[in-house]
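Tertiary structure, described
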Amino acid sequence: MAVDGNWNITLSTPLGDRDATLTLKSDGGALTGKQAADGNEADIVDGTVNGNDVAWKASITNPMPLTLAFTGKVDGDSISGDVSIGPMGSFPFKGARA
């Protein structure tokens, strides 16, 4: 599927740009994988894929404990969308296939 593979993404957050890597695997409408940043890795949960539309959640502990909720779209070798950071609002992310 178009979303499967490894991705390098950048989140534009209130604390500055944060780089992360994604490994995504689709199975029907389900999306699984891992997200890693700053030496920490988290499983993707509640992942969905519908055509080129993707959504998932990942819990992080650095720089603070948060659950990040991503919604985005894959366009060829590019991925972009928004990440909701709970009470801190929603911010854009973008990336490319690794």
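As shown above, the structure is provided for reference.
Right, let's walk through the structure included here. (Residues numbered from 1 in each chain as written. Predicted model: local features only at pLDDT ≥ 70, side-chain atom pairs only at ≥ 80, totals over all residues. Heavy atoms only, no water.)

Right, let's get into the pairing of strand E1 (residues 5–13). Residues in a regular strand project their side chains so that they alternate between the two faces of the sheet. Sheet analysis places E1 next to strand E2 (residues 16–27), joined by 9 bridges and oriented antiparallel. Among the inter-strand pairings, threonine 10 is bridged to a residue of E2, identified as aspartate 19. If you look at the hairpin formed by E1 and E2, you'll find 2 residues sitting between the two strands. The pairing of E1 with strand E9 (residues 90–97) spans 5 bridges and is classified as antiparallel. Pairing of threonine 10 across the sheet is with lysine 94, part of E9. (Pairing = 2+ DSSP bridges. Helix = DSSP H or I, 4+ residues; strand = E, 2+ residues; numbered from the N terminus.)

Along the chain, the position of glutamine 35 falls in strand E3 (residues 30–37). Judged by relative accessible area, glutamine 35 falls into the buried class, the value being 6%. Reaching out from glutamine 35, the side chain makes a polar contact with the side chain of tryptophan 56 at a distance of 3.0 Å. Excluding residues that lie within four positions of it along the chain, glutamine 35 makes contacts with Ala20, Thr21, Leu22, Asn40, Glu41, Ala42, Ile44, Trp56, Ala58, Leu68 and Phe70. (Buried < 20%, exposed > 50% of the residue type's maximum accessible area, 1.4 Å probe, protein only. Polar contact = N/O pair within 3.5 Å; in protein donor to acceptor, adjacent residues only side chain to side chain. Contact = heavy atoms within 4.5 Å.)

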